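Okay, here's what each chain looks like letter by letter:
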Amino acid sequence: MTPPGAPLLELAGVDKAFGPVQAVEGVDLDVRAGEIHALIGENGAGKSTLVKMIAGLLRPDRGEIRVDGRAVELTSRRRSAEAGIGVVHQHFSLVPSFTAAENLMLGRPGAGRRLRLRAAAEELRAWGERTGLAVDPDVPVGRLSVGERQRVEVLTALAWGARVLLLDEPTATLSPDEADRLLAVLRTLADGPARGPAGEPAGGPGEGPPPTSPAETPPLGVLLVTHKLREVELAADRVTVLRAGRVTGRHARGDVARQRLVAEMVGEAPAPTPRTGGPAGEVRVALRDAAAGRLRRVSLDVRAGEVLGVAGVAGNGQTDLVGLLAGRTAPESGEVAHPVGGPGSVAYIPEDRARDALAAELPVWVNAVATRTHEIGSWRGLDRDRVAAITRRAIELLGVRPAAPDATAAHLSGGNQQRLVIGRELQLDPGLVVAAEPTRGLDPASARDVVDALGRAAAGGAAVVVVSSDLDELLLIADRLVVLFEGRIVADLPRAAATRDAVAAAMVGHRDDDGDRTPDLPAAVGAAP
Amino acid sequence: MTVEATSTPRGPEAVTPAAPEADDGRPGPAPESPPAGHAAGRPDDPHTGPPTDPAANPSVVRAAAHARAALATAVTVAVPLAAAVGVFLLLVAAATDAEPVPTFQELLSSSLGDADAVGETLTRAVPLALIGVGTCVALRAGVFNVGGEAQMAMGSVAAYLAVEALGGAPAPLVWLGGAVAAAAGGALWAAGPAVLLVRRGVSEILTTLLVNLATVGILTWLLQDTFLQDPDPAVITAQGARLDPRLELPALIEGTRVHAGVLAVVVAVAVTWWWTRTPSGLRVDLVGANPRLAAHGGVRPQALRIRAFLVAAAVAGLAGAVQLFGVSHRLTTGLTAGVGYSGVLVAVLGRSRPLPTALFALVFAVTVTGAEAIELDGVPRALGYVLQGVLVVGVAGVQGALAWRGRR
Amino acid sequence: MSGLAELGFWEDVLATGLRLAVPLGLAAAGELVSERAGVLNLGLEGTMAVGAFGGIAGAAAAGPGLGLVVGAACGALAGLLFAVLAVHLRINEIVVGFGLTIGGTGLASFLFRSRFPEAPDFTPYRGVRLPGLAEVPLLGPFLFAQPLVVWLLPVVAAAVALFLRRTSAGLALRAVGDGPAAARARGVRVGLVRTAATVGGGALAGLGGAVLTAGLVGEFSDEVVGGRGWLALALVIVAGWRPALLVPTALLVGSLQAFYLRAQSATEIGLPVSLLQALPFVVTLAVLSVRSSSVRAPAALGRLTAEEEA
């Protein structure tokens, strides 16, 4: 048994390189029983590489990983689980068609040949009662909410005997409320019997009871991987800051200011400056009582020259709104009008670029002209000058490397594929830009380039809509913010009124009490300058 | 079990990153390529990747890509051919009493050795190449039409109906009418699977195959129990009446069986090749590679896929007419002889490009003609199919291996 | 010789139908196993052909029992070849499937003709009549006078169902077909599971081919498989990837084939017999079209080439 406070998990001098890129360099990190240790850093700082190494999906080039003070070789996910490390992934670790009980048994070390689903369901119920994380074990998890699915993940890790719980960006898809609830549960899990029930609220209204038999849950070590400072401040006992693969700061709870953490995260790279939007011009797209999919009777105008941010917890109608705005889907009821240019002049940057906007097996130049095949020739053949000109602009706008038009797009790195897609879309001089999660998966430099390019498009007279789950990004770029909740616009805030708290409240359905801004809103738009 | 375009059809193409424009039948942008040159002028742009990346120099990239492509093409052809020859020698040695090497020489000389042999091989290659070229169009749209066998059979039936309808018209007119009817018949026979594919998402592979299997019975019935039956009372097998000799396609080369149908292949290859270099061809490529992207560009993917599907079926029907007028001179149940299946394979081997497809059709014709000849030496002709299987898996395998190297 | 109005005709159709359902159902069960693991093996027809030859070769050496074993082994080898090419080398699975079909069919024919110039001499399984029960009209010949080998079908279908539902390995197999990324994150070795599933599925398909030649017909011909592999592929969809439904669907299609065969030798049936040959395929096509929208395929099926590598 590990004495309280001794490190359960240690990383000592861990290095990992992918080709010429040093993803992680000389990282030391330890997690002790009874604590929540936050690991923070920007996208691309090396967090997910560390996560994968601890989960047994990658092996370090150098350095050691120790569990209970003994060096371990985490050569597979199973080894890592056997060593007592439970991982709650950001994506992909539940089979949607399986029930929670089936998911619990999938890949479980020492499960035996026979599949005992009833026992597994009982086990889940018992753990649910102990932790207050109740889920229905017999429903396909694909039908559960995002928050419930995450509970299944946590319960699975606990039932597998985890003593260290590693959570990779666990709040990315949760509402602020759900996120707070999760943090509270993590607190009680970490505290275990040693400290008894924690001071923080152990669950919101309607939530299950706090752990009833803490004696049965020994204190856990929790490693919380996140890029959200707020969570660090709320929950972490200690924090380790990662930048460009190296540790740039270590702090205990409460001994560091937010600015310092930010500086350690972003380094000397210039922080993108908030846009100063000009006056909004004519209406470029107008929705009137439009409904589609999850979207219910939404009215909205987007004007030339403005950047409209769309916030909301994932799954509240964003996808459908993007489809309508971009002219990709027709409304089930209501109207969508593209007064200028029509859907043809819409730049559309979908969330999953590789899946929706790129033909990886075709050459770069084909991808560059893919949306303009009607203007590059006739049955007699292609207009090569025009093809070359379009290709050149698409490549140069964001600097695709290598700039080889004849190579297949599959040759490009993920970041460069995104640059190509965004370059193609923005080089059209579009009247309207609809971008979903435009910086997701990009390294910080590329992300800044994309944000700048969107800003330039607005300055050049385009109406720009940015849908993002990253509230901080939206607050930075948007001239105006609308919040989607359960398919409706529940807030429409000009930049000045769009504080973090106001937006977060709206994301869980709180409408403004002031009464002077109604959610459905041509009128409010008209009132805004 | 819809096999989606994103995952399947142009698989061979999909897994061959080392083959840019030089060998994939697509024109690049203007040769002097301003995009590349211009981009190179700003090497220290802050956006660029690692500045030491040699791949950032476009002319180097281009030359290297061309060299790689040429090498890849050579390997892609040579290795599977060698594997096929190896399997041939091995199987002949292991399973038969014949001498492996002389038998192989016999296979070659009987299919390529003299004018007669070449004529026979060319004649066999004609329907294969036609179906293969048609299949290229469908494959490019991400449609795996394997119904060529039935479409070709129904094409021949439709051509025969046209012959009946046109009566004593001049031969060229009958040929033309027969060709049009055959194309329509072939397309009609694919309409069901096409609708099922786009409306209900039923795998076109399975539906076209089931149609093939059902058509065997339907054709037997047509040629046994209907007016299409050979009126000669002495005939008891399922076959139709012999064509008026004036309607037989003339021999292209005196003294051989090579008929004017070869010209149909030449035209089909040329037209398809040209089409791949037009915006329309590009749109079909995009539909095949990523329908969502194509839709974003204002294309209706489903409509285009149906069109490509029907074009392939129409060409298969046309192959039926060519076979009727050029070779069999009557409707028979054996008129198609598996060409509908092999035609798909040659298109796969040719990676949906018309000219290589026609060349692979020749290779397949060699295996069929040659295998028939060596049967006289006690080597079953089914060995020809084994060779085709080895070629298919071999070519795909080499492409897979190259792609695997490319990914590393 | 009997007509449509006679009971004997229908007894014959049902009894033959069950026998014909066995190879079909076994091959479909094999395909179901590999498809539940996310591997679309279109080489089923070739795998059955190889199994059919293996069946004959084994039976010629030591009776139909060995034939079944050899046939299954040949099918397993074909499955292994498919797995190496499609799962590990990631060659397009459709291309590999067609290659395997044409190559396997050709190989079986080639080997049979070169190794067995004389038809091999052995006795396939004969019907075993249960005294009393076998005399019951309709059901008697259908269920109680069959060669015992026909019971392989329900046994295998039940075994596959139990394996998928009630074992940890079955759970892993389903996970690999329905959520490979999740399975990989849980430490399941996706490639290995898929290989095992494809080999096992190939063995069942080979067994189906061997039952056809060694168990029931007693001889081999180029047409012996005759599209059964493709029918089996369709049956998997019609059965909605559920092993329990394979038995009735295979029985339906087998009976249609039997109807055609019996109608050929029947007198005065008043139907164009050659058209009946198309019946099993037309009915399968029709049912497939209706069913395909109401069943759910394994999520990862047909995406081997596109899938990300671990």
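As shown above, the structure is provided for reference.
Keep in mind that what you see is a predicted model, and the values were worked out from it rather than measured. (Residues numbered from 1 in each chain as written. Chains lettered and ligands numbered in written order. Predicted model: local features only at pLDDT ≥ 70, side-chain atom pairs only at ≥ 80, totals over all residues. Heavy atoms only, no water.)

### Quick look at the pairing of strand E21 (residues 488-494) of chain A
Within a regular beta strand, the side chains point alternately toward one face of the sheet and then the other, so they alternate between its two faces. All names here are of chain A. The line we're drawing: The cut-offs for exposure are 20% and 50% of the maximum accessible area for each residue type, with area from a 1.4 Å probe on protein chains only; residues under the lower value are buried, those over the upper are exposed, and the others partly exposed. Secondary structure counts use DSSP, requiring at least four H or I residues in a row for a helix and at least two E residues in a row for a strand, with both numbered from the N terminus. We treat two strands as partners when DSSP finds at least two bridges between them.
Extensive coverage of E21 is indicated by the burial of 5 of its 7 residues. Bridge count between strand E20 (residues 480-485) and E21: 6 bridges; the pairing is antiparallel. Within E21, the position partnered with Val483 by the bridge is Ala491. Turn length for the E20-E21 hairpin, with the two strands adjacent in sequence and antiparallel, is 2 residues, and the turn residue Glu486 shows positive phi of about 45°.

### Looking at a positive patch on the surface
This is how it is decided: Each patch is built from residues lacking any salt bridge and having more than 30% relative accessible area; the joining distance is 9 Å for like charges and 5 Å for nonpolar side chains (Val, Leu, Ile, Met, Phe, Trp, Tyr). Per-residue and other accessible areas were derived by the Shrake-Rupley procedure at a 1.4 Å probe size, with only the shown protein chains allowed to occlude residues. Salt bridge criterion: a side-chain nitrogen from Lys or Arg within 4 Å of a carboxyl oxygen from Asp or Glu. Within this scheme the basic residues Lys and Arg register as positive and the acidic residues Asp and Glu register as negative, but His and the chain ends are omitted. For charged residues, the charge sits on one atom: NZ in Lys, CZ in Arg, CG in Asp, CD in Glu.
A cluster of basic residues, Arg114(A), Arg116(A), Arg118(A), Arg165(C) and Arg166(C), forms a positive patch at the surface. Tracing the chain through its elements places Arg166(C) in helix H5 (residues 152-166).

### Observations concerning a nonpolar patch on the surface
Residue and element names in this part refer to chain C. A grouping of Leu77, Leu80, Val84 and Leu89 is seen on the molecular surface, where their side chains present a nonpolar patch of about 330 Å² in accessible area. With respect to the secondary-structure elements, Leu80 resides in helix H2 (residues 44-88). Taking relative accessible area as the criterion, Leu80 reaches 37% and is therefore assigned partly exposed.

### Here's the deal with the side chain of Thr171(A)
Residues and elements named next belong to chain A. The test is simple: Counted as a polar contact is a pair of N or O atoms within 3.5 Å, where, for protein atoms, one must be capable of donating a hydrogen and the other of accepting one, and residues adjacent in sequence contribute only when both atoms are in side chains. For this analysis, residues touch if any pair of their heavy atoms sits within 4.5 Å.
Residue placement: Thr171 occurs in the loop between strand E7 (164-168) and helix H6 (176-195). A distance of 2.3 Å separates polar atoms of two side chains, one belonging to Thr171 and the other to Glu231. What Thr171 contacts, discounting residues up to four positions off in sequence, is Ala179, Leu182, Lys228 and Glu231.

### So, helix H1 (residues 7-36) of chain C
Residue and element names in this part refer to chain C. Let me state the cut-off plainly: By this rule the span expected of a helix is its residue count minus one, scaled by 1.5 Å. Bending is quantified residue by residue as the angle between axes fitted to the seven-residue window ending at that residue and the seven-residue window starting at it.
With 30 residues, H1 ought to run about 44 Å at 1.5 Å a step, and its terminal C-alpha atoms sit 41 Å apart, in line with that. By the largest-angle criterion, Ala21 marks the main kink of H1, which is about 30°, and a proline, Pro23, follows within four residues. Among the 30 residues that make up H1, 24 are buried, leaving the element largely enclosed by the rest of the structure. Phi turns positive one or two residues past the end of H1, at Gly38, with a value near 90°.

### Some remarks on the sheet that holds strand E6 (residues 85-88) of chain A
Residues and elements named next belong to chain A. Spelled out, the test is: Lines fitted to C-alpha atoms define the axes, with helix axes restricted to the stretch in contact, and inter-axis angles between N-to-C directions lie between 0 and 180 degrees.
Strand order in the open sheet formed by 6 strands is E6-E7-E8-E3-E9-E10, with mixed pairing between adjacent strands. In this open sheet, the two strands that pair with only one neighbour each are E6 and strand E10 (246-252). Here the average twist between neighbouring strands, direction ignored, is 15°. Judged from the 6 bridges that link them, strand E9 (residues 238-243) and E10 form a sheet pairing that is antiparallel. Residue pairing in the sheet places Arg243 in a bridge with Arg246 of E10. With respect to the sheet, helix H1 (residues 47-55) is in contact with strand E3 (36-40), E6, E7, strand E8 (221-226) and E9, its orientation differing from that of E8 by roughly 145°.

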